[in-house]
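Take a look at the letters that make up each chain.
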Amino acid sequence: GLMPDFAYSGKGVQVGVAGDDTPAARAGLLKGDVITALNGNEVTDLRSYSNMLKQLAPGDKVEVSYTRDGVEKITRLTLKAR
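## Remarks on the overall build of the protein
Helix and strand counts for the protein come out as two helices and six strands. The C-alpha atoms of the protein give a radius of gyration of 11 Å, which matches the 12 Å a tight globule of 82 residues would have. Looking at the protein as a whole, 35% of its 82 residues are labelled buried. Restricting to contacts in the protein with at least 6 residues of sequence separation, those with at least 24 account for 39%. Here the protein displays about 5100 Å² of accessible surface, and carbon together with sulfur accounts for 51% of that area.

## A closer look at the nonpolar core
Core analysis: the biggest nonpolar cluster contains 17 residues, and Leu 29, Ile 35, Leu 38, Val 43, Tyr 49, Val 64 and Leu 77 have the highest contact counts within it. The set of elements that each furnish at least two residues to this core consists of strand 2 (13-18), strand 3 (34-38), helix 2 (46-54) and strand 5 (61-68). Setting aside its immediate chain neighbours within four residues, Val 64 contacts Leu 29, Ile 35, Ala 37, Leu 38, Lys 73, Ile 74, Thr 75 and Leu 77.

## A few points about the pairing of strand 3
A large share of strand 3 lies buried, amounting to four of its five residues. Pairing of strand 2 with strand 3 involves two bridges; the strand directions are antiparallel. Within strand 3, the residue paired with Gln 14 across the bridge is Val 34. Relative to strand 4 (residues 41-42), strand 3 is paired through two bridges, and the arrangement is antiparallel. Across the sheet, residue Ala 37 finds its bridge partner in strand 4, namely Glu 42. In textbook terms, the turn of a hairpin is the stretch between consecutive antiparallel strands, and for strand 3 and strand 4 this stretch comprises two residues, one of which, Asn 39, has a positive phi near 50°.

## Structural notes on helix 2
All of the buried residues along helix 2 are Ser 48, Tyr 49, Met 52 and Leu 53. Buried residues of helix 2, seen end-on, are gathered within an arc of 135° and therefore sit on one face of the element. In helix 2, the exposed residues that point more than 90 degrees away from the buried face are Arg 47 and Lys 54. Where helix 2 begins, the side chain of Asp 45 points an oxygen toward the backbone nitrogen of Arg 47, at a separation of 3.2 Å.

## A few points about the environment of Gly 59
Along the chain, the position of Gly 59 falls in the loop between helix 2 and strand 5. Residue class for Gly 59 comes out partly exposed when judged on its relative accessible area of 44%. Separated by 16 residues in sequence, Gly 59 and Thr 75 place their C-alpha atoms 16 Å apart. Sequence-distant contacts of Gly 59, that is, excluding residues within four places in its chain, are made with Thr 78 and Leu 79.

Calculation notes
- Residues numbered from 1 in each chain as written.
- Predicted model: local features only at pLDDT ≥ 70, side-chain atom pairs only at ≥ 80, totals over all residues.
- Heavy atoms only, no water.
- Helix = DSSP H or I, 4+ residues; strand = E, 2+ residues; numbered from the N terminus.
- Rg over C-alpha atoms; globule rule 2.2 N^0.38 Å.
- Buried < 20%, exposed > 50% of the residue type's maximum accessible area, 1.4 Å probe, protein only.
- Contact = heavy atoms within 4.5 Å.
- Areas by Shrake-Rupley, 256 points an atom, 1.4 Å probe, with all protein chains shown as cover.
- Core = buried A, V, L, I, M, F, W, Y, C linked by side-chain atoms within 4.5 Å.
- Pairing = 2+ DSSP bridges.
- Arc of directions from axis to C-beta.
- Polar contact = N/O pair within 3.5 Å; in protein donor to acceptor, adjacent residues only side chain to side chain.

Shape descriptors only; they carry no functional weight alone.
The following block contains the structure:
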């Protein structure tokens, strides 16, 4: 899955490591990207991000808003079973 960078203290969740064959990697997320929203719901920190993920099921399609080098981008990914 997506390993967050726990040292990041800004708003959102920074991607620490996205494994090669993970939904995050297939959606184009890279180390250093900062996830700011899931399905339009603002991600303020790791806790809000985790809580949102818990409400989703494997196979759900998720719209992920993120910033890379200060540029806002959107990608979509499909969750897989944990």
